Every structure is written in C-alpha cells, then in structure tokens.
Amino acid sequence: MASASRRARAAAAARLAVGVATTLFGLVLVTFVIGRMMPIDPVLAVVGDRASAATYAAERAEMGLDRPLPVQVWRYLRALAAGDLGTSVVTARPVIEDIGRYFPATIELATVALALGLALGVPAGVIAAAHRGRWPDQVIRITSLLGYSMPAFWLGLILLLVFYAELGWAAGPGRIEVFYEDLVTPVTGLLLIDAPLDGEWVILGNALAHMALPASVLGLFSMAYIARMTRSFMIEQLGQEYILAARAKGLSEARVVWRHALGNALVPLLTVVALAYGSLLEGSVLTETVFAWPGLGSYLTNSLFNADMNAVLGCTIVIGLVFLGLNLLADLIGSLLDPRVE
Amino acid sequence: MTAEAERAASMPRSVIAARLARARSRTGEIARNPLAAAGLAVIVLLVAVAVLAPYLAPYDPQAQELAGRLAPLGPAHWLGTDELGRDIASRLIWGARVTLVIVALVAAISAPLGLVLGCVAGYLGGWADVALMRLTDVFLAFPRLILALALAAALGPGIDNAVLAIALTSWPVYARVARAEALVARSAEFVDAARLQGAGAWHIIRRQIMPLCVSSLVVRASLDMAGIILTAAGLGFLGLGARPPAPEWGAMIAAGREYLFDQWWVVGAPGCAILVVSLGFNLLGDGLRDVLDPHA
C-alpha cells in the first residue's frame, strides 16, 4: 500500500522533472532562435566592418557559426550549462558577471514592492470579501482595477513630478545619492541590509528615500493582484461549514474572519506571493528605466538600445529561469502545505 | 392562455431569433452592471474617435509649428503642444487609431491561433496534446513583456513587428482556455452523436468544439486587451513600437519625458488616454466575465 503510493509519487516527480526539463530546453531554444533572428551580424560586431574577408571567416569559424544549426544549439547549451552567456559589447565584461552586479538592486526593489503589496493587499482583500457586494468591496475592486490598468512608466514619471520636483518629499532617480556611492561594503549587495550592517544610518535613510517612489509604483501592481486573489480565497473560505460552526459557537465576527477564514486562505495566498514576485521582475523593466534604477531591467533596456545581443539574450534567459523557478516554487508550496494536493 | 401556450409563444421561432433574444438579454445584463457599462462606453468612444479622427482632430497630427512649441493648455490648443509644436489633442485623437489597430490585430492573430491549437490539443489528446501543451508552457515560461521586448528587438522597431511580438506572447493563454473547454466538450453526447454519424475529427473540432470555446475566449480576450495596450505602450515608450512621427501614446510619453518638470502636459495627456482606455477594457472584461462565464 505504502510502496504503491510511494511509487506513484516517484512517477509524479519524474513527470514533473521531465516537464521542467523540456520547458527549460524550449526556453533556451526560443532564446537561441531570437538571437539568430537579430538583424545584427554577431561576427561583424566583434571584428568591425573594416576587417578583411579572411579575418571575418576566421572569426566566424571561431564562433562556430559555420557549423550546422544543431551543432550550434549544442554549443550554446554547453556554454550555458557552464554559466557562459558571452561577453557584453558595452561593458566588455562577461554578461553573467554584469547580471550578478545588477540583479541585487532589482531583487531589493521587488522585495520592498512585494512587502508593500502584501501589507495593503491582504487586508484590502479580506475587507472586500467580508463586505462582499457593498461599498467597501466596490471601492477596493475599482482601486485594484485602476492598479491593473495603470501604465507603470507613466505613473513613475507623474510621481517623480509631484513628489520629487514639486513637493520634494522623495528623492529623485537612482538608487542612492552619487556622493554616497561605494561607501558601503557590499555584503549582500542589498543596500537596505548592507548600510545598517556598516552602521551607515544616513546612507540607509537616503536609500529609503530613493526606494519610496519606484517601490510604490510596483507595489500598486502587486497590491491590485494580491487584493483580488485574497478576496476570492476569502469568499471561498467564508462559505465553508466550519465558518458556520465558528459563528454558531458565538465567536466574534472579527475573529471568524481574521483568524479562522484568513488562516485557511493563507496557504493558497503563498502561491500567489511567489507568482506576484515573478510579475514584479517583469514590471521592474519599465519602472527601472524611468527611475534610472541600476538593476537588471535598466541593464536589459540599455543593452537593447546598444544592440548588445549577448546581454539581451542573457537577461532574457536569466529572467525566464527565475520566472520558471518561482512558478515551480508556487506549485511546490501548494502541494507541501495542502495535504489534499498530491 | 395556458402555461403551455405561453411557453410556446415565448419560444424563439428560428436560430436567428434565438440568437437575437440571447444577445438582447446579455446586453441587458451588461447595461445593468454600471461598471461594465462604463467600460463599454469608453470602448465605444475609443472606436468612435478612431473612426472619426479626421473630422474630430482640430489640427494635422504631424503639422509642426516650432514657434508655438511646448505651449500650455489654452483655447487654441486645448491640450497644449509638444516639443515640435504639434497639437497634442490632435495627436491623441489620431493615436486612438494606432491603439485600436494594435489591439485588433493582436487579438485577430492570437485568439484564433490559440483557439485552434487549444481545441486540437483538447479534442485529440495523446501526443498532440502533450506536444502542444509543452509548447504553450515554453511561451508561458517567459514573462510576457520580456519576451515581447526580445522579439521586438530582434524584428526591429515598427508597429507591425510590435504586433507580431505581442501576438506571439499572447496566444498560449487562449490555447490553455480553449483546451480546458475542449476537454469537457469532447465527452459530450452530441459530440458522440456527430462521431457516430461519421464526422471526421477536423469537422467535429470546427463545428462542435470551437463554438463552445468562444465565450470563454471572448472573456479572456477582453480581460487581455488592457494588457495588450499596456505592453504596446511600454514597447512604444522604449522606442520599440511605432516609429516617429506616428502619434503612438507610449512614444509620445517617451518624447515628452525631457520636458516633464516644466511642461507636464506633454507627458500627462497621453498617459491619461492609456489609463482610461485600459481601464475601460478591464471594466468591460470584468463585467463580461460575470455575464458569460457564470461558473468563474
């Protein structure tokens, strides 16, 4: 009996592994194809347009571009497995090193935005569900639809105009004031953690002032998403019989809603949080461009403008991998915490 | 009149009458939902503005007047002028056409593609299903904007390429929705009946399965429209969408960025237009979901 269920679980795990592997391969293949579609000649980008035909041919052979396509895909895969994403034409550093340098800023921004989204979205969703169909529900519904409909780059510009240029309440573009740069010893790469570790409280304050606006822009999106999902999970829970039992027992409405129903809605919410984190990575591209935030999004758009193909493809594949990982994590959390999911 | 006769009298006489009655009751349901009605109004307005652009726009959207550049809101130019002295209101009005064309083309490419692939996968099952669903998984594994960015960069800037890039990132969702519906429909008795009559797989997919998937697909598409508009505007903002001097709203924001702190209206107006239109689609999609997809 037990061995049968274990075998079933092993089979499910094997299926999952095969699924992830094929998706991963497809992801790499799509990136490879996009790379081949690029209007830029990768050989010309290296040797320059005044190179002789012989130099050109030699470089072409060196890059493996004269080999059949399957061989090229295989070489690309092998390089990827070794963590080699090629060299950036703009920074002249390996792309993987650049990504390691810029990624912490994006993670920091996405994390703060997610924290904001959770702090506002969960209570909003709970209140909406508890007052289903009445005015608090409608107000929250319209607010989250507004969040869904907002062009992030535009909201960022307007916030800069109002809170930085007009009111002076928040700091302007960038992650930190220029004269504070490189004063903090990088431990985690996250300024909000490294600054207090160094005892640099002024720098921490400055970093927070820079964080406020971009985090609000991204936070609005995750708030909209989290509030909507919380509402639907809560409505499902509030219709269950144990809620009826809790009310019959004479528990206060607040206790029924916030403790009993929300307690059970938290499990599916965890998967939503993982997915929200993924969409924040995506949203960070435009937001970072507007706020000159030195993260992966800015790096990606800069590379786009400079036709730095290795960097564009490297970012695409890294973001795709992280996205895939987060989706997998969401599934995993769901199955670990909910005994009904096999 | 007996109850029997009453029912007979209210029975539709023909397929067309039945469809008309159903359309009327659905329109009524949408009209009773004030938010959805507001959304519908915005979209009707967008279509009207796009169609009537030559008559509504007070100026030529490309006409430059460098002496009057960056003029504030006023009676001559009620939304001011941009960095080349072009009338912003006229550019917004013509921009409605660009937005509508992008949305319509993306929907026209991605929804039918997703419908066909999803129905084939769901109805045939087996290897076709596994292969097609793996393909959708691959495309869903990329964040949408990132894939669209990389594709648009590979194809080069321009509206047609932006449309293609966005369409290539939108179809998997439709395929998923259509497959789920097809899986339910394939075991329905009327499908068995068609099969017993000797109908081939393609005929069944086209005549029996696809019509059943359409209503979920319409809901999904209307909810997706806002996302398409925002992605297109984002591509335009990054210079990967419409090429200048086309009056594309995202590109207008990018051009006005330099003048943000002193001439806010250059950035403000197109952003409001994007927000209102995408909110309109979201409101309508939300309402349509309640009407067309009661089990969601």
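Values in this document were obtained by computation on a predicted structure and should not be read as measured data. (Residues numbered from 1 in each chain as written. Chains lettered and ligands numbered in written order. Predicted model: local features only at pLDDT ≥ 70, side-chain atom pairs only at ≥ 80, totals over all residues.)

A word on the overall build of chain A
Helices and strands together make up the secondary structure of chain A, namely 13 helices and zero strands. When the helices and strands of chain A are read in sequence order from the N terminus, they spell out α-α-α-α-α-α-α-α-α-α-α-α-α. Seen along its three principal axes, the alpha-carbon backbone of chain A occupies a region of about 85 × 65 × 40 Å. Residues classed as buried in chain A amount to 39% of the 342 residues present. A fraction of 71% describes how many contacts in chain A between residues 6 or more apart in sequence connect residues 24 or more apart. (Helix = DSSP H or I, 4+ residues; strand = E, 2+ residues; numbered from the N terminus. Buried ≥ 20, exposed ≤ 12 C-beta atoms within 10 Å, placed from the backbone. Contact = placed C-beta atoms within 7 Å.)

Some words on the overall build of chain B
Within chain B one finds twelve helices and zero strands. Reading the helices (α) and strands (β) of chain B from amino to carboxyl end gives α-α-α-α-α-α-α-α-α-α-α-α. Expressed along its principal axes, the backbone C-alpha trace of chain B runs to roughly 75 × 55 × 25 Å. With 296 residues in all, chain B has 44% of them scored as buried. Relative to all contacts within chain B whose residues are 6 or more apart in sequence, the contacts with residues 24 or more apart total 69%.

Examining the nonpolar core
The nonpolar side chains of a soluble globular protein tend to be buried, and buried together. One finds Cys119 and Ile229 of chain B to be the most contacted residues of the largest nonpolar core, which totals 172 residues. In terms of residues, this core owes the most to one element, helix H9 (residues 201-238) of chain A, which gives 19 residues. If we skip the residues at most four places from it in the chain, isoleucine 229 of chain B touches Thr99, Val103, Ile274, Val277, Ser278 and Phe281 of chain B. (Core = buried A, V, L, I, M, F, W, Y, C linked by C-beta atoms within 7 Å.)

Some details on the interface of chain A and chain B
Across the boundary between the two partners, chain A contributes 35 residues, which contact 36 residues of chain B. For the side of chain A that touches chain B, the elements supplying multiple residues, two or more each, are helix H1 (2-37), helix H6 (135-149), helix H7 (152-166), helix H11 (253-291), helix H12 (296-305) and helix H13 (309-337) of chain A. Residues of the side of chain A that touches chain B, tallied by class, amount to 26 nonpolar, eight polar and one charged. (Nonpolar A, V, L, I, M, F, W, Y, C, P; charged D, E, K, R; others polar.)

What about the confidence of the model for chain B?
Mean pLDDT over chain B works out to 84, with 94% of the residues at or above the 70 mark. Mean pLDDT across the elements of chain B bottoms out in helix H1 (residues 3-10) of chain B (65) and peaks in helix H5 (residues 88-124) of chain B (91). (pLDDT = per-residue confidence, 0-100.)

Points about H5 of chain B
With 37 residues, H5 of chain B should reach 54 Å at 1.5 Å per residue; the first-to-last C-alpha distance of 53 Å fits that figure. Of the residues one or two after H5 of chain B, glycine 125 of chain B is the one with positive phi, at around 65°. (Expected span 1.5 Å × (residues − 1).)

So, the environment of proline 294 of chain A
As for its placement among the helices and strands, proline 294 of chain A is situated in the loop between H11 and H12. Put simply, proline 294 of chain A and isoleucine 319 of chain A are 25 residues apart on the chain and 16 Å apart in space, counted from C-alpha to C-alpha.

Considering the packing of helix H6 (residues 126-141) of chain B against helix H8 (residues 159-185) of chain B
Residue and element names in this part refer to chain B. As a packed pair, H6 and H8 sit with axes 9 Å apart at the nearest point and diverge in direction by 130°. Overall, the two elements H6 and H8 adopt an arrangement that is oblique. Taken as a pair, H6 and H8 cross one another with a handedness that is left-handed. Packed against H6, whose contacting residues are Thr136, Phe139 and Leu140, the element H8 presents Thr169, Pro172, Ala175 and Arg176 at the interface. Each residue belonging to the contact of H6 with H8 can be placed in one class, and the counts come to four nonpolar, two polar and one charged. (Axes fitted to C-alpha atoms, helices over the stretch in contact; angles between N-to-C directions. Parallel < 35°, antiparallel > 145°, perpendicular 65-115°, else oblique. Left-handed = near helix turned anticlockwise from the far one by under 90°.)

Quick look at the packing of H8 of chain B against helix H10 (residues 201-237) of chain B
All names here are of chain B. Remark: H8 packs on H10, axes separated minimally by 9 Å, with the N-to-C direction vectors making an angle of 155°. Here H10 runs roughly antiparallel to H8, going by the angle between their axes. Seen along the crossing, H8 lies across H10 with a hand that is right-handed. Here Ala162, Ile166, Ser170, Val173, Tyr174, Val177, Ala178, Glu181, Ala182 and Ala185 of H8 lie close against H10, whose contacting residues are Ile209, Leu212, Cys213, Ser216, Leu217, Arg220, Asp224, Ile228, Thr231, Ala232 and Leu235. Of the residues contributing to the contact of H8 with H10, the split by class is 15 nonpolar, three polar and three charged.

Concerning unusual backbone geometry
Peptide bonds are mostly trans, and most non-glycine residues show a negative phi. All names here are of chain A. Positive phi is not limited to glycine here, since alanine 92 has a value of about 60°. With respect to the helices and strands, alanine 92 occurs in the loop between helix H4 (69-81) and helix H5 (95-130). With 8 C-beta atoms packed within 10 Å, alanine 92 lands in the exposed category. Positive phi outside glycine occurs at alanine 292, with the angle close to 50°. Among the structural elements, alanine 292 can be located in the loop between H11 and H12.

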